[in-house]
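An overview of the molecular structure
Here are the chains, one letter per residue:
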Amino acid sequence: AADGCGRVRGRRRRQDSYVPVPAARACAAVTYMKPLLKVRTVTLGLSLLPNQPDAWDLELARAAAFVSSARRRLEDAGYEVQTTRISSQSFESWVDVSDATAALEAFRRLDATLLRLGVGLFNAGPATSPEGLALVPQIVALGPRISASGAMPGPLDRAAASRLADAILTISQTTAGGEGNFQFCASFNVPPKTPFFPASYHEGASPSFAIGCETSELLAHAMPRAGGDLPRAKALLVDTFTDQLLPLQAIARQLSQAHGLQYDGIDASVAPMGDASPLTGSFESLGLGSFGQSGTLAAAALVTGALKELPVDTCGYCGLMLPPLEDAGLARGAADGAYRIHDLLAYSAVCGLGLDTVPVPGDVPKAKLAALLLDVAALAFRLNKPLTARLFPVPGKAAGDAVEFENPHLCSSAVFDVP
């Protein structure tokens, strides 16, 4: 039976498949208008058994089959699906992190399995111990497929902040251009079953799935039509998101029924990518000034407030993301000095993510980086909200320097100062 949020309960999947009932009836074709939003990710969460790599292979093969099926179903309905992903519970529960050599060998085997299955994005969950966190730079250095996070348990743990800063700096020094930090973040108060990487992780014995969206075009469609009327802008956002997300939710529920998998919801966060309509343009259409000036925080609160009122099954951050390297307008603003790293922190108090894809000097002192992480932790735990910090110390670059990246998903911008 399904509960009030549309989640399927009491369904047991067969041991050989995630498809316990015929999919044809549950996934009958439904026709909708061409969507404005894009599906950033369909993320399948699963739990891996401790030190059983043969069992991992089987579970990953099942997961890969499901996300491929989900992609096809969504594409048939007219959605652009940018990625599919798989995440697990904390790797500290399925490899022995006290034996670093053996653990790294297990990850090499896992990476080979992911390559064989065509799985491009896998999250190994959060490191919560010093031994686990010390492994993360070596895991990330294996290649682009495996991501992870480092979870900070509370707002006043200075030692944990220092270890996280050390991991960030090590990754910046051991991966080309420091870009391995695309696959790692410090996480604060992030719940399980969040579809967005690198903070995603799973909890529970049974697999489940969630959907993350790219919705920048919805802001560009709704906000300029308000003519500067802020309550109308919020109402237009709620209406536009609702109209766009309800058909997606219907398909997700169908997939849940057809495959016997729990559906955790949609993370409706505004998660831009370089080729999307710039968030700065949508913000500035409200007539409150340029992004970074007074009024920016109010606009951020307006957007996040609208997302919190959506009548759909939601999960994860479900807020506004402001990543300087993934939005063309934000990247230009950073290069022009329109906003600073502490402005992003202030906006995090009313929006959804924290400090995401923020380039900082390659020689930033570990103590300063740790102090910045403590600032993010203070907001996350004081406001009881999920936040992350995905920081990019750029080797050889100082504050204000122009910066470019090999990763095609990252925009050219400028390095932020860490005061």
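Residues numbered from 1 in each chain as written. Predicted model: local features only at pLDDT ≥ 70, side-chain atom pairs only at ≥ 80, totals over all residues. Heavy atoms only, no water.

For the rest of this paragraph, the subject is the overall build of the protein chain. Regarding its fold elements, the protein chain presents 12 helices and 11 strands. In terms of overall size, the protein chain behaves like a compact globule, its C-alpha atoms giving a radius of gyration of 21 Å where 419 residues would be expected to give roughly 22 Å. Taken along the three principal axes of its C-alpha coordinates, the protein chain extends 55 × 55 × 35 Å. When burial is assessed residue by residue, the protein chain has 58% of its 419 residues classed as buried. Here the contacts in the protein chain between residues at least 6 apart in sequence split such that 77% fall between residues at least 24 apart. Per element, the accessible surface of the protein chain, about 16000 Å² overall, is 53% carbon and sulfur. Side-chain charges in the protein chain split into 35 positive and 40 negative, and the spacing between the mean points of these groups amounts to 6 Å. (Helix = DSSP H or I, 4+ residues; strand = E, 2+ residues; numbered from the N terminus. Rg over C-alpha atoms; globule rule 2.2 N^0.38 Å. Buried < 20%, exposed > 50% of the residue type's maximum accessible area, 1.4 Å probe, protein only. Contact = heavy atoms within 4.5 Å. Areas by Shrake-Rupley, 256 points an atom, 1.4 Å probe, with all protein chains shown as cover. Lys, Arg positive; Asp, Glu negative; His and termini not counted. Charge placed at Lys NZ, Arg CZ, Asp CG, Glu CD.)

Our focus in this paragraph is the sheet that holds strand S9 (residues 387-394). Here we have 9 strands laid out as an open sheet, ordered S7-S6-S1-S2-S3-S4-S5-S9-S8, and mixed in their pairing. Every interior strand has two partners, whereas the edge strands, strand S7 (262-267) and strand S8 (354-361), have only one. Across this sheet, the average inter-strand angle for adjacent strands is 25 degrees, counted without regard to direction. Across the sheet, helix H3 (residues 100-117) lies against strand S3 (122-127) and strand S4 (146-151), angled at about 135 degrees from S4, the strand it touches most. Across the sheet, helix H11 (residues 341-348) is in contact with S8 and S9; its angle to S8 comes to roughly 170 degrees. (Pairing = 2+ DSSP bridges. Axes fitted to C-alpha atoms, helices over the stretch in contact; angles between N-to-C directions.)

All right, on to the pairing of S7 then. Extensive coverage of S7 is indicated by the burial of 5 of its 6 residues. Relative to S7, strand S6 (residues 208-214) runs parallel, the two being bridged by 5 bridges. Bridge pairing in S7 links Ile211 to Ile266.

What follows deals with helix H4 (residues 130-140). Along H4, the positions that sit buried rather than exposed are Gly132, Leu133, Leu135, Val136, Pro137, Ile139 and Val140. Here the buried face of H4 lies against H3, S3, S4, helix H5 (158-174) and strand S5 (184-188).

With that settled, the discussion passes to the pattern of salt bridges. With the rule as written, the count across this model stands at 14 salt bridges. Residue Glu326 pairs with Arg390 through a salt bridge whose shortest N-O separation is 3.9 Å. Of this pair, Glu326 sits in the loop between helix H9 (296-307) and helix H10 (328-335) while Arg390 sits in strand S9, and the two are 64 residues apart along the sequence. There is no split in this pair, since Glu326 and Arg390 are both buried. A single network of salt bridges, built from pairs that share partners, joins Asp54, Asp57 and Arg109. (Salt bridge = Lys/Arg side-chain N within 4 Å of Asp/Glu carboxyl O.)

Over its 17 residues, H5 runs 24 Å from end to end, which matches the ideal 24 Å to within 8%, given 1.5 Å per residue. Within the sequence span of H5, burial applies to Ala160, Ala161, Leu164, Ala165, Ala167, Ile168, Leu169, Ile171 and Ser172. Taken together, the buried residues of H5 touch H4, S4, S5, helix H12 (366-382) and S9. (Expected span 1.5 Å × (residues − 1).)

The next point concerns the packing of aromatic side chains. The final tally for this structure, using the stated rule, is 11 aromatic pairs. Relative to Tyr263, the ring of Phe209 has its centre 5.6 Å away and its plane inclined at 35 degrees; by these criteria the two rings are tilted. Of the two residues, Phe209 sits in strand S6 while Tyr263 sits in strand S7, which places them 54 residues apart along the sequence. Between Phe291 and Tyr339, the ring centres sit 5.4 Å apart and the planes meet at 80 degrees, which makes this aromatic pair edge-to-face. Of this pair, Phe291 sits in the loop between helix H8 (279-284) and H9 while Tyr339 is found in the loop between H10 and H11, placing the two residues 48 residues apart along the sequence. Through a chain of ring-to-ring contacts, three or more aromatic side chains come together here, namely Trp56, Phe91, Trp94, Phe107 and Phe122. The lysine or arginine in question, Arg85, covers the ring of Phe197, its NZ or CZ lying 5.1 Å from the ring centre. Taking NZ or CZ as reference, Arg390 lies 4.7 Å from the ring centre of Phe182, over its face. (Phe/Tyr/Trp six-rings, centres within 6.5 Å; stacked < 30°, edge-to-face > 60°. Lys NZ or Arg CZ within 6 Å of the ring centre and 35° of its normal.)

Turning our attention to the nonpolar core. Counting 113 residues, the largest nonpolar core has Phe91, Trp94, Phe122, Leu245, Leu248, Val303 and Leu373 as the members making the most contacts within it. The leading source of residues in this core is helix H7 (residues 230-259), at 10 residues. What Phe122 contacts, discounting residues up to four positions off in sequence, is Leu48, Leu60, Ile86, Ser88, Trp94, Leu110, Leu114, Arg145, Ile146, Ser147 and Phe197. Residues Cys185, Val190, Tyr317 and Leu353 belong to the second largest nonpolar core, which totals 8 residues. (Core = buried A, V, L, I, M, F, W, Y, C linked by side-chain atoms within 4.5 Å.)

Turning our eyes to something else, we now look at the environment of Leu297. Following the sequence through the fold, Leu297 ends up in helix H9. Along the primary structure Leu297 and Lys397 are separated by 100 residues, whereas in three dimensions their C-alpha atoms are 29 Å apart. With near-sequence residues (within four places) excluded, Leu297 lies in contact with Ala346, Tyr347 and Val350.

The next subject is the pairing of S6. With 7 of 7 residues buried, S6 is to be regarded as a mostly interior element. Every second residue of S6 is oriented toward a common face, with Ser208, Ala210, Gly212 and Glu214 on one face and Phe209, Ile211 and Cys213 on the other, all of them buried.

In this model, the protein chain carries a mean pLDDT of 92, and residues with pLDDT of at least 70 account for 92%. In the model, residues 1-17 has pLDDT below 50 throughout and makes 33 contacts with residues more than four positions away in sequence or in other chains. Per-residue pLDDT stays below 50 along residues 19-32; that stretch engages in 27 contacts with residues further than four places along the chain or on separate chains. (pLDDT = per-residue confidence, 0-100.)

This next bit is on the side chain of Thr240. As for its placement among the helices and strands, Thr240 is situated in helix H7. A relative accessible area of 7% places Thr240 in the buried class. Discounting chain neighbours no more than four positions away, the residues touching Thr240 are Leu218, His221, Ala222 and Arg225.

This brings us to the environment of Gly154. With respect to the element layout, Gly154 can be found in the loop between S4 and H5. Classification of Gly154 as buried rests on a relative accessible area of 14%. Not counting residues within four places of it along the chain, the set of residues in contact with Gly154 comprises Ala377 and Phe381.

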